[in-house]
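Remarks on the overall topology
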Amino acid sequence: MSATTADTAVVTSRLGVGARAWRFVKRHTLTVYAALAFIYLLLPIAVVILFSFNDPVGRFNYVWQGFTLDNWREWDAVLGLREAVTTSLQIATLSTIVATALGTLMAMAIVRHHFRGRGTTNILVFLPLATPEIVLGASLLSLFITAQVATGFGTIFVAHVMFIVSFIVVTVKARLVGFDRHLEEAAMDLGANEWTTFRKVTLPLLSPAILAGALLGFAISIDDFIITYFVAGPTQTFPVFVWGAARVAVPPQVNVIASSIFLIAVTIAVVNVIISSLRAGRQQQGA
Amino acid sequence: MGSFFHRHRGLTPYLLLAPGLAWLTLFFLLPLAFLGYQSLQSGSFPNYTFTWEFSNYAKAFTDFRPQLMRSITYAGMATVLALLLAYPLVYWIAFRAGRWKNLFLLFIVAPFFVTYLIRTLAWLNILADEGPVVGVLRDVGVLADDGRLLATPVAVVAGITYNFFALMALPIYVSLEQIDHRLLEAAKDLYASPAQAFLRVTLPLSAPGIVAGTLLTFIPAAGDFINAQLLGTPQQYMLGNVIQSRFLELIDYPTAAALSFVLMATILTALLLYARIVGSEKLTG
């Protein structure tokens, strides 16, 4: 490796000034591009947060008028907003719990067992991921209409579990494939039955993947609009509320809620990144 | 409980699968079947009857051809744009970002932490007629003095590209990250120029990521109606807008159902064509 670096250094010094300049530009073009791309990705988020502090004149919150903290202080001042946020949180929590349980069991069956219909099961799990959301929503509404089921909280819950399950299966499956089964065999050799082995060995080792899947499911559920819009009936989740508001005028309080969700999610993600890099650092020290 | 599993070992996978499979059958397969049933109904609300009305499909193709074409072209353009924008960026993260990789990846996922509708509404602020982007473009002369970005295909495609960017970027990043750096050194030792090394080593090895990213971006993009509705006008409406309004506003279930299947068939056709081009073994991994 060090020999290669030395060779490159020799070659570089032999290159002409023009070639070196070209190299410099090329290396830094990519970095400049990356910086611009990050601005592009983060600018709309900055706009959302900025406009949560706007003091709009009239009904429209599109043009910057002046700074105020009132929207954050009186986030609850908009009729129906608190109920919508509460409904979103309730549905995300409930559907994540149910979908995580169903998905983990399915992943265990698919990875651990060879049985008839395994291929078909894999396809059935994959299909909802490959179907456009609008078709999922439309087909569910079609079923509910035909079966004369009243749409509302219950139908949103059912729909969310349906499309989160596949994400959970995929996440947990990835972890199970690299799972060291000797640990379970050791537990059985030491006299643990299957249930105890599952509870004391398998589940703790799987818990990071299950947690990751659950967080993903929660995030997808709380953000979902298209499917929810079809099966919501009179119930309003936060995205459905925003959609309704967007037809008239979006109050700055909506930006307050969106900014809060963003900040909470980023905090969780940053803590996660820090913990994982600390852990990686410790492993390197140990080695 | 343990002894029960021991006596019926063959049964275990089915017991584990039963609840999840039941849920997917009841709330995914069965609804699709009902949608198919509805797509062949005729009559008017609320008295639709099943009559094998295949003309609904013919009607869907002829009456809504512009929206169908827009779904394909807008989604296709957004997918290509996302690929071109994302590739250099994740290349930079994978090869140049050093130990800050995870932080920069977080930047790519960050838009997903802002509710979908709200990040689209933010583009409404950015691209607004009185906004800075339009102002600069008018000054430079790219846009006429009364030219606008909102209510044009540009705004809709830009919105779709932005909204599904991470779905393109992350799979490419994963495939770039897995590349064995010794292969690149070997290419260099064999006198490959950086461009050659990229074209002959890096690009082919990242192909699975490109394929996965393309699929993950194109499918939701083709079914989207939010960008067209918020950033466009009826002149930019896509198939999703028609399905949405037929189902929820006009209560024309048979047409909406037929259109849903047309959308799925379109996506499937596009994917099969794509598979022909890139090779089917890459699609199935």
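Residues numbered from 1 in each chain as written. Chains lettered and ligands numbered in written order. Predicted model: local features only at pLDDT ≥ 70, side-chain atom pairs only at ≥ 80, totals over all residues. Heavy atoms only, no water.

By the definition in use, this model includes 9 salt bridges over all chains. The salt bridge involving R181(A) is made with E184(A); its shortest N-O contact spans 3.5 Å. Looking at E184(A), the relative accessible area reads 8%, which means it is buried. Here D180(B) ties to R182(B) by a salt bridge, and the two come within 2.9 Å at their closest N and O atoms. The class for R182(B) is exposed, based on a relative accessible area of 60%. Members of the salt-bridge network, linked through shared partners, are R112(A), R181(A) and E184(A). (Salt bridge = Lys/Arg side-chain N within 4 Å of Asp/Glu carboxyl O. Buried < 20%, exposed > 50% of the residue type's maximum accessible area, 1.4 Å probe, protein only.)

What follows is about the packing of aromatic side chains. This model, assessed by the stated rule, comprises 31 aromatic pairs over all chains. For the pair F38(A) and F107(B), a centre-to-centre distance of 5.4 Å together with 75 degrees between the ring planes defines the contact as edge-to-face. Taken as a pair, F38(A) in helix α2 (residues 17-51) and F107(B) in helix α5 (residues 101-109) lie in two separate chains rather than in one. Relative accessible area serves as the criterion here: at 7%, F38(A) is assigned to the buried category. A centroid spacing of 6.4 Å and a plane angle of 55 degrees characterise the contact between F225(A) and F225(B), whose relative ring orientation is tilted. Residue F225(A) is found in the loop between α9 (194-223) and α10 (226-231), and its partner F225(B) is found in the loop between α12 (207-222) and α13 (226-231); the two belong to separate chains. An identical accessibility class is assigned to F225(A) and F225(B); each is buried. (Phe/Tyr/Trp six-rings, centres within 6.5 Å; stacked < 30°, edge-to-face > 60°. Helix = DSSP H or I, 4+ residues; strand = E, 2+ residues; numbered from the N terminus.)

It is worth spelling out the pairing of strand β2 (residues 47-50) of chain B at this point. Residues and elements named next belong to chain B. Bridge count for strand β1 (residues 41-44) against β2 is 4 bridges, and the pairing is antiparallel. Directly across from G43, in β2, lies its bridge partner Y48. Between β1 and the antiparallel strand that follows it, β2, lie 2 residues. (Pairing = 2+ DSSP bridges.)

The next thing to look at is the interface of chain A and chain B. The interface of chain A with chain B comprises 79 residues on the first partner and 81 residues on the second. Here chain A and chain B share an interface that buries about 7200 Å² over both sides, 80% of which is from carbon and sulfur atoms. Interface area lost by chain A to chain B is led by F38(A), Y40(A) and L41(A), which between them contribute 9%. Viewed at the interface, chain B and chain A are joined by 1 salt bridge. Between E249(B) and R247(A) there is a salt bridge whose closest N-O contact spans 3.5 Å. At the junction of chain A and chain B, the tally comes to 8 residue pairs in polar contact (both at pLDDT 80 or more). Broken down by element, the side of chain A that touches chain B gets its largest block of residues, 17 residues, from α2(A). Considering only residue class, the side of chain A that touches chain B consists of 62 nonpolar, 11 polar and 6 charged. (Contact = heavy atoms within 4.5 Å. Buried area = accessible area lost by both parts, 1.4 Å probe. Polar contact = N/O pair within 3.5 Å; in protein donor to acceptor, adjacent residues only side chain to side chain. Nonpolar A, V, L, I, M, F, W, Y, C, P; charged D, E, K, R; others polar.)

What follows is about the domain arrangement of chain A. A common measure of how large an interface is: the accessible area buried when the components associate. Residue and element names in this part refer to chain A. What the domain assignment lists for chain A is domain 1 (2-45), domain 2 (52-78 + 255-287) and domain 3 (79-250). Computed from C-alpha coordinates alone, the two centres of domain 2 and domain 3 are separated by 25 Å. Residue-level contacts link 12 residues of domain 2 with 11 residues of domain 3. Roughly 1000 Å² of surface becomes buried between domain 2 and domain 3 when both sides are summed, with 65% attributable to carbon and sulfur atoms. (Domains from an automatic or database assignment.)

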